[in-house]
Amino acid sequence: MKTKVELTVPESLRAYAEGFIATTPEARMQAVIDWSRGNVERAEGPFAAGVFNLDNGSCIAAGVNRVISSGCSVAHGEMMALMLAQQTLEVVNLAEKGRFVLTTSAQPCSQCFGAIPWSGVEAMEFGATRDDVEAIGFDEGPCPENWRELLEGRNIRVTGPVMQKEAAAVLQEYARSGGNLY
Ligand SMILES: [Zn+2]
């Protein structure tokens, strides 16, 4: 029986993300779309996310989907970005360290939707929609129809879809490449 879980993102992401500044939803989305495309090239799921400081645009954490390489179904891009941001800032509730946004290449699945309220981000922005994700065969899980209002009701501002066409194009590239669907 194992008593330890280890999750990592590729070290190469650091070169792009560390010191990276993006002050608009489009600039942040362009970055996470680039990361998601890089993840497809590594034969991983076509999803990425980042946590950014809303006041100065600095990237706190970059996450990519690591389900295949880690053998963990929870290792979605959003989860990786949130966990890495919390570990980087050494705080469970990010709101204690500033104003942060979670930028994700696709609308969060039911798991990631569920994780957002406890992360302390004050905003979330997404690229591709649930329909885009499910069109290539992924299962987004039992997300409530009014997920957006539920987050807004917890004072988490939702923006999206942002650059939907560009974000969905990565999903389609993944499907064409015969990527694993899980
Ligand atoms: Zn997810």
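This report concerns the structure included in the present document.

1. Section: the sheet that holds strand 1 (residues 48–53)
Strand order in the open sheet formed by five strands is 2-1-3-4-5, and the pairing between neighbours is mixed. Of all strands in the sheet, those bounded by a partner on one side alone are strand 2 (59–64) and strand 5 (157–159). Along the sheet, successive strands turn relative to each other by an average axial angle of 15°, direction set aside. Inspection of the sheet shows strand 4 (residues 123–128) paired to strand 5 by three bridges, in the parallel sense. Considered in strand 5, the bridge of Met-124 is made with Val-158.

2. A short note on the environment of Thr-129
Its location among the elements puts Thr-129 in the loop between strand 4 and helix 6 (130–135). Exposure remark for Thr-129: the 17 C-beta atoms within 10 Å place this residue in the partly exposed category. Residue contacts for Thr-129: discarding those within four places in its chain leaves Gln-107, Pro-161 and Gln-164.

3. Re the pairing of strand 1
Counted residue by residue, strand 1 has six buried out of six residues, so it is predominantly covered. Of the two faces of strand 1, the one lined by Ala-48, Gly-50 and Phe-52 and the one lined by Ala-49, Val-51 and Asn-53 are each fully buried. In this sheet, strand 2 lies alongside strand 1 in antiparallel orientation, the contact comprising five bridges. Looking at the pairing, Ala-49 lines up with Gly-63 of strand 2. Counting the residues in the hairpin turn of strand 1 and strand 2 gives five residues, including Gly-57, whose phi is positive at 80°. Bridge count between strand 1 and strand 3 (residues 100–106): five bridges; the pairing is antiparallel. By the bridge assignment for strand 3, Val-51 is matched with Leu-102.

The rules behind each value
- Residues numbered from 1 in each chain as written.
- Predicted model: local features only at pLDDT ≥ 70, side-chain atom pairs only at ≥ 80, totals over all residues.
- Pairing = 2+ DSSP bridges.
- Helix = DSSP H or I, 4+ residues; strand = E, 2+ residues; numbered from the N terminus.
- Axes fitted to C-alpha atoms, helices over the stretch in contact; angles between N-to-C directions.
- Buried ≥ 20, exposed ≤ 12 C-beta atoms within 10 Å, placed from the backbone.
- Contact = placed C-beta atoms within 7 Å.

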